[in-house]
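# Survey of secondary and tertiary structure
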Amino acid sequence: MDIHNLKQANIILSRYIPATRSLTGKDITLQRMKPLMKLLGDPHTKLKIIHIAGTSGKTSTAYYVAAMLQQSGKRVGLTVSPHVMTVTERIQINLQPLSELEFCARLAEFLQLIKGADPQPTYFELLVAFAYWYFAIRGVDYAVIETGLGGLHDATNIASQPDKVCVITDIGYDHTKILGNTLTKITTQKAGIIHRHNEVFCYKQAAVVTRVLQHACTHQQANLHQVLPPDNNELVISLPLFQRRNWHLAQEVYKFIATRDGLPPLSHAQLNETMAVKVPARMETITYKDKTIILDGAHNPQKLAALMASVRYGYPVQQMAVMTGFVHSHKQKIYGNLQQLLPLASQLIITSFIPNQEMHTASADPQVISALCEKLNFHNWEIASEPQAAFRELMARPEPLLLVTGSFYLMHYIRPIILEPHD
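Below, the structure is looked at part by part. Everything quoted here is computed from the prediction, not taken from an experiment.

## Things to note about the overall build of the protein chain
The secondary structure content of the protein chain amounts to 16 helices and 14 strands. Here the C-alpha atoms of the protein chain give a radius of gyration of 21 Å, agreeing with the 22 Å that 2.2 N^0.38 yields for 423 residues. Taking the principal axes of its C-alpha atoms as reference, the protein chain extends roughly 55 × 50 × 40 Å. Scored against the burial criterion, the 423 residues of the protein chain give a buried share of 57%. Considering only contacts within the protein chain whose residues lie at least 6 apart along the sequence, 77% involve residues at least 24 apart. Of the roughly 17,700 Å² of accessible surface on the protein chain, 52% is carried by carbon and sulfur atoms. Charge-centre separation for the protein chain: the mean point of 39 positive side chains lies 6 Å from the mean point of 33 negative side chains.

## Observations concerning the packing of helix 12 (residues 301–314) against helix 13 (residues 331–341)
At their nearest, the axes of helix 12 and helix 13 sit 9 Å apart, and the two run at 5° to each other. Looking at the two axes, helix 12 sits roughly parallel to helix 13. In this structure, helix 12 contributes Pro-301, Leu-304, Ala-305 and Met-308 to the contact, and helix 13 contributes Lys-333, Gly-336, Asn-337, Gln-340 and Leu-341. Looking at the contact of helix 12 with helix 13 residue by residue, the classes come out as five nonpolar, three polar and one charged.

## Notes on the nonpolar core
Ranked by size, the top nonpolar core spans 43 residues in total, and within it Phe-103, Leu-107, Phe-110, Leu-111, Leu-126, Tyr-132 and Phe-135 carry the most contacts. Mapped onto this core, the elements with two or more residues apiece are helix 1 (6–14), helix 3 (33–39), helix 5 (100–113), helix 6 (123–138) and strand 5 (142–146). The dominant element in this core, judged by the number of residues it contributes, is helix 6, at twelve residues. Excluding residues within four positions of it along the chain, Tyr-132 makes contact with Met-37, Pro-43, His-44, Leu-47, Ile-49, Ile-145, Thr-156, Ile-158 and Ala-159.

## Concerning the sheet that holds strand 6 (residues 165–168)
Pairing in this open sheet of eight strands is mixed, and the strands run 4-3-2-5-1-6-7-8 from one edge to the other. Two strands in the sheet have a free side with no partner beyond their single neighbour: strand 4 (96–97) and strand 8 (223–227). Here four bridges tie strand 1 (residues 49–53) to strand 6, and the two strands are oriented parallel to one another. Looking at the pairing, Ile-52 lines up with Val-167 of strand 6. The sheet contacts of helix 4 (residues 58–71) involve strand 1, strand 2 (76–79), strand 3 (92–93), strand 5 and strand 6, and relative to strand 5 the element is tilted by about 170°. Across the sheet, helix 10 (residues 241–261) is in contact with strand 1, strand 5, strand 6, strand 7 (199–203) and strand 8; its angle to strand 7 comes to roughly 155°.

## Observations concerning the pairing of strand 10 (residues 291–296)
Here strand 10 lies mainly inside the structure; five of its six residues are buried. Bridge count for strand 9 (residues 284–288) against strand 10 is five bridges, and the pairing is antiparallel. By the bridge assignment, Thr-287 is partnered in strand 10 with Thr-292. Hairpin connection of strand 9 to strand 10: two residues between the antiparallel strands, including Lys-289 at a positive phi of 50°. Note that strand 10 and strand 14 (residues 401–406) share five bridges and pair parallel. In the strand pairing of strand 14, Ile-294 is matched with Leu-403.

Rules and cut-offs
- Residues numbered from 1 in each chain as written.
- Predicted model: local features only at pLDDT ≥ 70, side-chain atom pairs only at ≥ 80, totals over all residues.
- Heavy atoms only, no water.
- Helix = DSSP H or I, 4+ residues; strand = E, 2+ residues; numbered from the N terminus.
- Rg over C-alpha atoms; globule rule 2.2 N^0.38 Å.
- Buried < 20%, exposed > 50% of the residue type's maximum accessible area, 1.4 Å probe, protein only.
- Contact = heavy atoms within 4.5 Å.
- Areas by Shrake-Rupley, 256 points an atom, 1.4 Å probe, with all protein chains shown as cover.
- Lys, Arg positive; Asp, Glu negative; His and termini not counted.
- Charge placed at Lys NZ, Arg CZ, Asp CG, Glu CD.
- Axes fitted to C-alpha atoms, helices over the stretch in contact; angles between N-to-C directions.
- Parallel < 35°, antiparallel > 145°, perpendicular 65-115°, else oblique.
- Nonpolar A, V, L, I, M, F, W, Y, C, P; charged D, E, K, R; others polar.
- Core = buried A, V, L, I, M, F, W, Y, C linked by side-chain atoms within 4.5 Å.
- Pairing = 2+ DSSP bridges.

The analysis is restricted to geometry; functional conclusions fall outside its scope.
This is the structure we're talking about:
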């Protein structure tokens, strides 16, 4: 089989989406991954892995860890999800997504290898296996792996070797239908990435979170490293507030790996290079047609609180118009999102979007969002039926500062318009 371009690749990959939608939250277990990985020669066992789980900050932390390892002179694989612009973002070498030609050629080769897989993988399982396989054949020195959902049953958690380094970012309420509706249940799922003798890094968090992580580490004879929050270090002053926390956690992880594996300490210049890494749609600030636009896939109250604190810090006096859309969820969660978002918004443009990638739910009804705005006594809202129209309305606003936030799947529509304009 030949795959000639990303359009063809996406058509082929879309055949695996229905399984995701039917199985997520019910029948996804690591037992599904074992025969698939066996077909590939268990490539995950040949890699030095940094495995990252959590509710907020895990993608940014993954990028920063990868950047630091790259600065040390190592070849680094990185896989994150969801992707913002193209599926190639899910398989990166030294922070560069594969070229279209390489991605398509390797995907064709990979699909031939797993032709007899039973059970057939979901979209996410397939791309995780593809990433592990590709990193192994490229002989990366390290593979930085972001979980998709939770940790315990996540496809990435097929990696259980003792030298794995686990990173648990800040934990809060998200995906409660699948992970559980208490911090104990959610943390238990996230802590599932911890295996025998692993090194585990996290900030000290709420007592219930810390208790679960300590229990998991004791059970697995793993070492827990509780990182102190970053101080007012001038080194990180160029980063948004919440990214300082993610970068500092990544730096502590790098220091440990450097000591363990004999890597060099990074110079100030090298550390500055890692801080300059652009994490797609994580307070990504772009000048477009004389407007300052911030893109951020903050989709739960915890993430939105961190985002809005960073916006307030960086732009203390500017008025801001906001465009948003969320995936369908409990009204209470959307209400909590709006509680964080609306105090800084002079105008809210609400939209919906068609599900894509492996998403197994629809976007939230804009009428539901607008009704919740009214409940919060916020009346400066309007509805645009689809993302492109909403973005045109946003660009027509007089405010100098514009924010696009909510679902990462919304970023998939808007970021290409800004970075690849077609007038």
